[in-house]
Amino acid sequence: MAAVHLRIGDLVWGKLGRYPPWPGKIVSPPKDLKKPRGKKCFFVKFFGTEDHAWIKVEQLKPYHPHKEEMIKINKGKRFQQAVDAVEEYLKKAKGKEQAHGSDDKSKAGKGQKTTAKPMKIIEEDDEDAFKGGSSDKPASSMEPISKRLKIIEEDTGSTSIQAADSTAVNGSITPTDKRIGFLGLGLMGSGIVSNLLKMGHVVTVWNRTAEKCDLFIQEGARLGRTPAEVVSMCDITFSCVSDPKAARDLVLGPSGVLQGIRPGKCYVEMSTVDPETITELSQVITSRGGRFLEAPVSGSQQLSNDGMLVIVAAGDRSVYEDCSSCFQAMGKTSFFLGEAGNAARMMLILNMVQGSFMATIAEGLTLAQATGQSQQTFLDILCQGQMASTFVDQKCQNILQGNFKPDYYLKHIQKDLRLAISMGDSANHPTPMAAAANEVYKRAKALDQSDNDMSAVYRAYIH
């Protein structure tokens, strides 16, 4: 494939982190905005938005040759408005070119020599193309997105921080200047670290299996030899491991986090664990002068890779605010729920519902087959009704194809169900649906499905 040469003024399709390719224009960056170190990149302003970003050259494609391809794979009103904005300005540019051409011919007719000039598609100071419309008081397109966040205060006291328009390309994340550490590079952690690096954060990584760090070192991450070393080197350290025991061992074990904690150091626990574990970890971290936040995530490996996780946080509010650019890089929205332990409770409830729902869907598929009904027709009907969702469609299609590659481990959703049931017992609240689903997952584990995707619960019904 021949190399594509790009320059300032070119229209392009730019791929930024979690977002689909979006139409934009290569422009000159502000004088005070430094170019990222490393690979070659261009500064792109995106149509239909106020967003902009440095984009690596391999994430850019010329606009015209790839237009039909991009329109086929991308949908949505905002996307169409962005494409319409490009086409409108192409028409205007063509009109200007024709006008200049007529003028040049007139001059040539008077004996003046003309020189062909490259067409300038969009005037540099014309902001309407990028905003998708006009405004009496246009906002600066160089305004950091952190200053354009919508804060939603709920009656419960929880807070959601999200982009003012989550369908727009979030191209203006300004990475924190704090040094970031990350412990645990499993299905979720790997995608999170990848997006932190893509958005320009300085990240030091550690994983129990050291080989998993190699890919991230190649992408610019630094290597920590122990959890204690990572915490001592970094301002904010995140952890994302499998269960309460792993979370405790990481903090309290040999060369653990606690040995690296000093006053002011921030520790963010992203693992899905029980509230009691969170309380214990919070107490030992803060007893050493550290600052603690829990921030478990709702999502899957694919959503982690796409930077579309939902973050549920609780604990030290100032740490939550310090993590703003990190949460923007890894997720589509985040919620702050108050004191430590609340996020663990909320996440267990969410995963309890999701796990029970997955077991019910699997039960429906097998009952359809047992009664002579087409499983594909069952799915087609389901996806046309009120229960339609990407989750249902993808999980069911994977089941029908026999594809149980892990997107969220079955053993982890069973662990979450078990913890949610225990939490219900502590609150003297019945959880009969979760208890029934838990038994089905336990049977699936007995059938050696632990390391498959949660959708492998289907196999518990057919064996």
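From a predicted model like this one, the values you see are computed outputs, not experimental measurements.

On to the overall build of the protein chain, then. Secondary structure summary: the protein chain contains 18 helices and 16 strands in total. The burial tally for the protein chain puts 46% of its 463 residues in the buried class. As displayed, the protein chain has an accessible area near 23300 Å², and 51% of this comes from carbon and sulfur atoms.

Here we come to the sheet that holds strand E4 (residues 52-56). Through backbone hydrogen bonds, the strands of a sheet pair up, either in parallel or in antiparallel fashion. Ordered by their spatial adjacency, five strands build an open sheet running E4-E3-E2-E1-E5, and the pairing between neighbours is antiparallel. Both outer strands of the open sheet, E4 and strand E5 (60-62), are each paired with one neighbouring strand and no more. The sheet shows a mean angle of 45 degrees between the axes of neighbouring strands, taken without regard to direction. Relative to strand E2 (residues 22-26), strand E1 (residues 11-14) runs antiparallel, the two being bridged by four bridges. When the sheet's bridge partners are listed, Leu 11 is paired in E2 with Lys 25.

Counted under the stated rule, the structure contains 14 salt bridges. We note a salt bridge from Lys 67 to Glu 87, for which the minimum N-O separation is 3.2 Å. A residue pair is termed long-range when its members are at least 10 positions apart, and Lys 67 in helix H1 (residues 67-73) and Glu 87 in helix H2 (residues 77-109) qualify at 20 residues. The exposure class assigned to Glu 87 is partly exposed, which follows from its relative accessible area of 24%. The network of salt bridges with shared partners includes Arg 291, Asp 316 and Asp 322.

One non-glycine residue, Ser 255, lies in the positive phi region at around 55 degrees. Tracing the chain through its elements places Ser 255 in the loop between helix H7 (244-252) and helix H8 (257-260). Backbone geometry places Asn 428, a non-glycine residue, at a positive phi of 55 degrees. Residue position: Asn 428 is located in the loop between helix H16 (410-426) and helix H17 (432-446). Classification of Asn 428 by relative accessible area gives exposed; the value is 73%.

Time to look at the nonpolar core. Within the largest apolar cluster, 57 residues are counted, with the highest numbers of intra-cluster contacts made by Phe 182, Phe 238 and Met 270. Take this core: its biggest share by element is six residues, from H2. With residues near it in sequence (within four places) discarded, Met 270 still touches Phe 182, Ile 192, Phe 238, Ser 239, Cys 240, Ala 295, Pro 296, Val 297 and Met 330. In terms of nonpolar packing, the next biggest core, distinct from the first, is built from 31 residues, Met 352, Phe 404, Ile 421 and Ala 456 among them.

Right, let's talk about the packing of aromatic side chains for a bit. Using the criterion set out here, one finds 10 aromatic pairs in the structure. For the ring pair Trp 22 and Phe 79, a centre distance of 5.7 Å and an interplane angle of 80 degrees mean the geometry is edge-to-face. Of this pair, Trp 22 sits in strand E2 while Phe 79 sits in helix H2, and the two are 57 residues apart along the sequence. Each member of the pair, Trp 22 as well as Phe 79, is classed as buried. Members of the aromatic cluster, joined through ring pairs, are Phe 182, Phe 238, Tyr 320, Phe 327 and Phe 336. The residue whose ring lies beneath Arg 317 is Phe 336, and the NZ or CZ to ring-centre distance is 4.8 Å. Taking the ring centre of Tyr 409 as reference, the NZ or CZ of Lys 411 above it sits at 5.1 Å.

Turning next to the confidence of the model for the protein chain. Mean pLDDT over the protein chain works out to 84, with 81% of the residues at or above the 70 mark. Long-range and interchain partners of residues 113-125, a stretch whose pLDDT sits below 50, account for 21 contacts in this model, where long-range means more than four residues apart. Predicted confidence is poor over residues 133-171, with pLDDT under 50, and the contacts of this stretch with residues over four places away or in other chains come to 88 contacts.

A few words now on the state of the cysteines. For the coordinates displayed, the defined rule picks out zero disulfides. Cys 396 supplies the cysteine sulfur nearest to Cys 383, a cysteine that is in no disulfide, at a spacing of 6.5 Å.

With that out of the way, let us pick up the environment of Leu 90. Turning to its location among the elements, Leu 90 is positioned in helix H2. When the C-alpha atoms of Leu 90 and Leu 11 are compared, they prove to be 10.0 Å apart, with 79 residues separating the residues in sequence.

Let us now look at the pairing of E2. Among the five residues in E2, five count as buried, and that is most of the element. Because side chains alternate across E2, one face comprises the buried residues Trp 22, Gly 24 and Ile 26, and the other comprises Pro 23 and Lys 25, equally buried. In the sheet, E2 pairs with strand E3 (residues 41-46) via three bridges, with the strands oriented antiparallel. Of the residues in E3, the one forming a bridge with Lys 25 is Lys 45.

Summarising the element assignment, Glu 294 is placed in strand E13 (residues 291-294). Of the buried charged residues, Glu 294 lacks a salt bridge, with Arg 345 as the closest side chain of opposite charge at 6.1 Å. A polar atom in the side chain of Glu 294 sits 2.4 Å from the backbone nitrogen of Gly 341. A polar atom in the side chain of Glu 294 sits 3.3 Å from the backbone nitrogen of Asn 342. Once you skip the residues sitting within four places of it in the chain, Glu 294 turns out to touch Glu 269, Ile 278, Val 312, Ala 313, Ala 314, Glu 339, Ala 340, Gly 341, Asn 342, Ala 343 and Ala 344.

Quick notes on the rules
Residues numbered from 1 in each chain as written. Predicted model: local features only at pLDDT ≥ 70, side-chain atom pairs only at ≥ 80, totals over all residues. Heavy atoms only, no water. Helix = DSSP H or I, 4+ residues; strand = E, 2+ residues; numbered from the N terminus. Buried < 20%, exposed > 50% of the residue type's maximum accessible area, 1.4 Å probe, protein only. Areas by Shrake-Rupley, 256 points an atom, 1.4 Å probe, with all protein chains shown as cover. Pairing = 2+ DSSP bridges. Axes fitted to C-alpha atoms, helices over the stretch in contact; angles between N-to-C directions. Salt bridge = Lys/Arg side-chain N within 4 Å of Asp/Glu carboxyl O. Core = buried A, V, L, I, M, F, W, Y, C linked by side-chain atoms within 4.5 Å. Contact = heavy atoms within 4.5 Å. Phe/Tyr/Trp six-rings, centres within 6.5 Å; stacked < 30°, edge-to-face > 60°. Lys NZ or Arg CZ within 6 Å of the ring centre and 35° of its normal. pLDDT = per-residue confidence, 0-100. Disulfide = S-S within 2.5 Å. Lys, Arg positive; Asp, Glu negative; His and termini not counted. Polar contact = N/O pair within 3.5 Å; in protein donor to acceptor, adjacent residues only side chain to side chain.

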